[in-house]
2 protein chains.
Amino acid sequence: MWAASNPDAVELVDCVAGMVASGGKRLRPSFCVAAYLAAGGDPASPAVVDAAAALELLHTSALLHDDVFDASELRRNEPTAHIRQATLHTERGWHGEARRYGESVAVLAGNLALVYADRLMAGAARTERCRRIWGELTTELMVGQFLDVRAAARFRPDPALARWIALFKSGRYTVARPLAVGAALADGAPGLQEVFEEYGLALGEAFQLRDDLLDAFGSAEVTGKPARLDFKQHKMTLLMSFALADEPEVRDLVGDDLPGTDPDELHALLIRTGIRDRVEEVIAERLKVANEAVAASLPPAWAAELQAMATAAVYRDK
Amino acid sequence: MWAASNPDAVELVDCVAGMVASGGKRLRPSFCVAAYLAAGGDPASPAVVDAAAALELLHTSALLHDDVFDASELRRNEPTAHIRQATLHTERGWHGEARRYGESVAVLAGNLALVYADRLMAGAARTERCRRIWGELTTELMVGQFLDVRAAARFRPDPALARWIALFKSGRYTVARPLAVGAALADGAPGLQEVFEEYGLALGEAFQLRDDLLDAFGSAEVTGKPARLDFKQHKMTLLMSFALADEPEVRDLVGDDLPGTDPDELHALLIRTGIRDRVEEVIAERLKVANEAVAASLPPAWAAELQAMATAAVYRDK
């Protein structure tokens, strides 16, 4: 449609389509659909497909913007959108600053993805309750991103804030809210919301810890992201908040000055103190809490499905 | 609410609130409310207030992002949000690049304003038609912004594209679509949409030409924006597209190389060739078309109201 109206517009739509097509775990749509079906939603309804697509497009928007905020150059083994657009700007010999152009296009592509997400959800969410959950989800995403960007710049080791951000970003945004959207679309029993909240927050914490472990100890080839980026950026991750709380040696090394801490020394110390194994234990424990929450309240087949999803999300290599 | 949840979050909400409170012409809400009432909408309904607020918040979002794309330092006589946030970053001695921090916060504030706009409109727009218009309006905004950013970087004198972008950005986004939202909310006669489209596109062009004239010949003190920014950025404005089409001397000076043209020389030539008076004539002519469109189709009192709004929008000094 945009090609007919103005062919140049296709470049923006392609940024969005490229990110959607580049893969990803599709966690948020999966949780939405699973909750919808578990709550007794009609499998033939197109609304849940629209809602699931809206969640994926919202995430696409967040990734396009996040890569700009983090100055990240690699995503899913490909150059990020803002880097590609900046390169195009340079190759074409265009006017102005290539960096600003690339970042502007990536921000606008993220905006377009957000607009598409909202359009899909506006069509799918027929109840006040469903609209309210979507509104809270999108608002929390923006506030959560801001707190993350702010904490990275402020840069004080603040384990409580790190935990709060992780619950927002992973617990709510990735798990609990997508489940709540699915359950609300099915117009299921309101009691399910509490179950999904408990499952989501526990799983979200385990999920975020896995994210941090993959950044710290995973390989860039498998994750498709630069290795140890959080370290290089001295990020106050959930992993770091555990290390600071549990390991006197880490506390001594970092002191009040995470930015001033040598990332290689810190990395070596985390391995030596065995924080990795300890965090694996926390992950297993949080997974258990999540699984018990659904076992107690859902039909066995759906409890098993959500438990399998939780295990796959937490024991992943990318 | 966010203050209780996390006091740091207030800084982001304040970016949005600050921009909304800093003034502006409130054109889009005014057009929405006028069309709603002209189409027979119930004055006591809260939906039109929500819709009008959504339009203003959408515009707030666009301004916050636009200032980043344009690297603009001044808006409404105050430093822009990204500049203020970058300054804060430096003053606080925070970690990382101040520019990236300021721009990230401004982008997130714009996102938050967009999310609020969508939440308000999701509650107000109860009909499919109204939701469709809002969806098209927000999509067109992002595509229009992209084409604008792209054209500024590509930087070839392309009068047809300049005109197309002006129709998108001013005709549709500022006038026709807000009117259409108001008319759809009132569930008025569908025939009105065509009248509003004609009025909106003619008025939008006149409005954009005024914008360009104010940039080229206005004073920064009155407009609250840096003077002659379009010139300094060698922008292919609607004014320039007229000058290139009408003035052989301007064509000779610019040739194929607007970026390479000396802005002061170009500015002096535009004054000497009298393009300013000629553009004033085009503005008057477009205003006449807009006014005739509503005179032929609306009750006299509402036609007069919309004509007064058109005149105020076009003959303004900032």
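- By the naming in an unreviewed UniProt entry, chain A is Polyprenyl synthetase family protein, taken from Streptomyces pactum.
- As its UniProt record puts it under Sequence similarities (unreviewed entry), chain A is described as follows: "Belongs to the FPP/GGPP synthase family."
- Heading Cofactor (unreviewed entry) of the UniProt record for chain A holds this comment: "Mg(2+)".

## A few points about the overall build of chain A
Phase 1: For chain A, the count of helices and strands is 16 helices and 2 strands.
Phase 2: Here the C-alpha atoms of chain A give a radius of gyration of 20 Å, agreeing with the 20 Å that 2.2 N^0.38 yields for 318 residues.
Phase 3: With the C-alpha coordinates aligned to their principal axes, the bounding extent of chain A is approximately 60 × 55 × 30 Å.
Phase 4: Expressed as a percentage of the 318 residues in chain A, the buried residues total 56%.
Phase 5: The long-range fraction of contacts in chain A, counting pairs at least 24 apart against all pairs at least 6 apart in sequence, stands at 73%.
Phase 6: For chain A, the computed accessible surface area is about 12,400 Å², with 54% contributed by carbon and sulfur atoms.
Phase 7: Distance from the positive charge centre (34 side chains) to the negative charge centre (46 side chains) of chain A: 2 Å.

## A short note on the interface of chain A and chain B
Phase 1: Between chain A and chain B, the residue contacts involve 58 residues of the former and 58 residues of the latter.
Phase 2: Approximately 5,300 Å² of surface area, both sides summed, lies buried where chain A meets chain B, with 65% of it carried by carbon and sulfur atoms.
Phase 3: Between the two partners, chain A and chain B, sit 9 salt bridges.
Phase 4: Here Arg150(B) ties to Glu11(A) by a salt bridge, and the two come within 2.9 Å at their closest N and O atoms.
Phase 5: Taken together, chain A and chain B are joined by 18 residue pairs in polar contact (both at pLDDT 80 or more).
Phase 6: Residue assignment for the side of chain A that touches chain B shows that the elements contributing at least two residues are helix H1 (2-5), helix H2 (10-21), helix H4 (47-69), helix H6 (98-124), helix H7 (128-154) and helix H8 (159-185) of chain A.
Phase 7: Of the residues forming the side of chain A that touches chain B, the biggest block, 18 residues, is contributed by H7(A).
Phase 8: Here the residues of the side of chain A that touches chain B are counted per class, giving 28 nonpolar, 13 polar and 17 charged.

## Topic: the relation of the copies chain A and chain B
Phase 1: With an RMSD of 0.1 Å, the operation that places chain A on chain B is a rotation of 180° combined with a shift of 0.0 Å along the axis. The transformation relating the two chain copies, once decomposed into turn and shift, fits a two-fold axis. In terms of C-alpha distance to the rotation axis, chain A has Ala122(A) as its closest residue, with the C-alpha 3.2 Å off the axis.
Phase 2: Most of the interface of chain A is mirrored in chain B, where 100% of its interface residues again form contacts.

## Here's the deal with the pattern of salt bridges
Residues and elements named next belong to chain A.
Phase 1: In total, this model carries 50 salt bridges over all chains according to the counting rule given.
Phase 2: Arginine 132 is paired through a salt bridge with glutamate 136; the nearest N and O atoms lie 3.4 Å apart. Of this pair, arginine 132 and glutamate 136 both sit in helix H7, separated by 4 residues, roughly a single helical turn.
Phase 3: The closest approach of N and O atoms between arginine 272 and glutamate 249, which form a salt bridge, is 3.4 Å. Of this pair, arginine 272 sits in helix H14 (residues 263-272) while glutamate 249 is found in helix H13 (residues 248-254), placing the two residues 23 residues apart along the sequence.
Phase 4: We classify arginine 272 as exposed; its relative accessible area is 61%.

## Describing helix H9 (residues 191-217) of chain B
Phase 1: If you check H9(B), its first and last C-alpha atoms are 39 Å apart, about what 27 residues at 1.5 Å a residue would give, namely 39 Å.
Phase 2: Across the 27 residues of H9(B), 21 count as buried, placing the element largely inside the fold.

## Notes on unusual backbone geometry
Phase 1: Of note in the backbone geometry, Asn77(A) takes a positive phi value of approximately 65° without being a glycine.
Phase 2: Owing to a relative accessible area of 47%, Asn77(A) belongs among the partly exposed residues under this scheme.
Phase 3: The phi dihedral of Arg26(B) falls on the positive side, at around 50°, and the residue is not glycine.
Phase 4: For Arg26(B), the position within the fold is in the loop between helix H2 (10-21) and helix H3 (27-38).

## Here we look at the packing of H3(B) against helix H8 (residues 159-185) of chain B
Two numbers describe a pair of packed helices, the interaxial angle and the distance between the axes.
Residue and element names in this part refer to chain B.
Phase 1: Two elements in contact, H3 and H8, have axes whose closest approach is 7 Å; the angle formed by their N-to-C orientations is 35°. Along this stretch, H3 crosses H8, giving a crossing that reads as right-handed. On H8, the residues that touch Leu27, Arg28, Phe31, Cys32, Ala35 and Tyr36 of H3 are Tyr173, Thr174, Val175, Pro178, Leu179, Val181, Gly182, Ala183 and Leu185.
Phase 2: The class makeup of the residues in the contact of H3 with H8 is 12 nonpolar, 2 polar and 1 charged.

## A look at the packing of aromatic side chains
Phase 1: Within this structure, the stated rule accounts for 5 aromatic pairs over all chains.
Phase 2: Measuring from centroid to centroid gives 6.3 Å for Phe31(B) and Tyr199(B), while their planes differ by 75°, and the two rings are edge-to-face. Of this pair, Phe31(B) sits in helix H3 while Tyr199(B) is found in helix H9, placing the two residues 168 residues apart along the sequence. Taken individually, Phe31(B) and Tyr199(B) each receive the classification buried, so the pair is uniform in this respect.
Phase 3: When the ring centre of Phe207(A) is taken as reference, the NZ or CZ atom of Arg316(A) above it lies at 4.1 Å.

## Regarding the state of the cysteines
Cysteine pairs can be covalently joined through their sulfur atoms, and such a bond is termed a disulfide.
Phase 1: Taken as a whole and assessed by the stated rule, the structure comprises 0 disulfides over all chains.
Phase 2: With no disulfide of its own, Cys32(B) has Cys130(B) as its nearest cysteine by sulfur position, at a separation of 8.1 Å.

## Observations regarding the environment of Leu269(B)
Residues and elements named next belong to chain B.
Phase 1: Inspection of the secondary structure assignment puts leucine 269 in helix H14 (residues 263-272).
Phase 2: Residue class for leucine 269 comes out buried when judged on its relative accessible area of 7%.
Phase 3: Along the chain, leucine 269 and glutamate 247 lie 22 residues apart, while their C-alpha atoms are 9.8 Å from each other.
Phase 4: Every residue in contact with leucine 269, bar those within four places of it in the chain, is listed here: Glu249, Val250 and Leu253.

## Some details on the side chain of Arg28(A)
All names here are of chain A.
Phase 1: Counting through the fold element by element, arginine 28 comes out in helix H3 (residues 27-38).
Phase 2: Nearest to the buried, unbridged arginine 28 among oppositely charged side chains is glutamate 56, at 5.5 Å.
Phase 3: One polar contact links arginine 28 to histidine 59, side chain to side chain, over a distance of 3.3 Å.
Phase 4: Discounting residues that sit within four places of it in the chain, arginine 28 has contacts with Leu55, His59, Tyr173, Thr174 and Pro178.

The rules we used
Residues numbered from 1 in each chain as written. Chains lettered and ligands numbered in written order. Predicted model: local features only at pLDDT ≥ 70, side-chain atom pairs only at ≥ 80, totals over all residues. Heavy atoms only, no water. UniProt positions renumbered as here; feature names shortened; annotations may be inferred. Helix = DSSP H or I, 4+ residues; strand = E, 2+ residues; numbered from the N terminus. Rg over C-alpha atoms; globule rule 2.2 N^0.38 Å. Buried < 20%, exposed > 50% of the residue type's maximum accessible area, 1.4 Å probe, protein only. Contact = heavy atoms within 4.5 Å. Areas by Shrake-Rupley, 256 points an atom, 1.4 Å probe, with all protein chains shown as cover. Lys, Arg positive; Asp, Glu negative; His and termini not counted. Charge placed at Lys NZ, Arg CZ, Asp CG, Glu CD. Buried area = accessible area lost by both parts, 1.4 Å probe. Salt bridge = Lys/Arg side-chain N within 4 Å of Asp/Glu carboxyl O. Polar contact = N/O pair within 3.5 Å; in protein donor to acceptor, adjacent residues only side chain to side chain. Nonpolar A, V, L, I, M, F, W, Y, C, P; charged D, E, K, R; others polar. Least-squares fit on C-alpha atoms with pLDDT ≥ 70 in both. Expected span 1.5 Å × (residues − 1). Axes fitted to C-alpha atoms, helices over the stretch in contact; angles between N-to-C directions. Left-handed = near helix turned anticlockwise from the far one by under 90°. Phe/Tyr/Trp six-rings, centres within 6.5 Å; stacked < 30°, edge-to-face > 60°. Lys NZ or Arg CZ within 6 Å of the ring centre and 35° of its normal. Disulfide = S-S within 2.5 Å.

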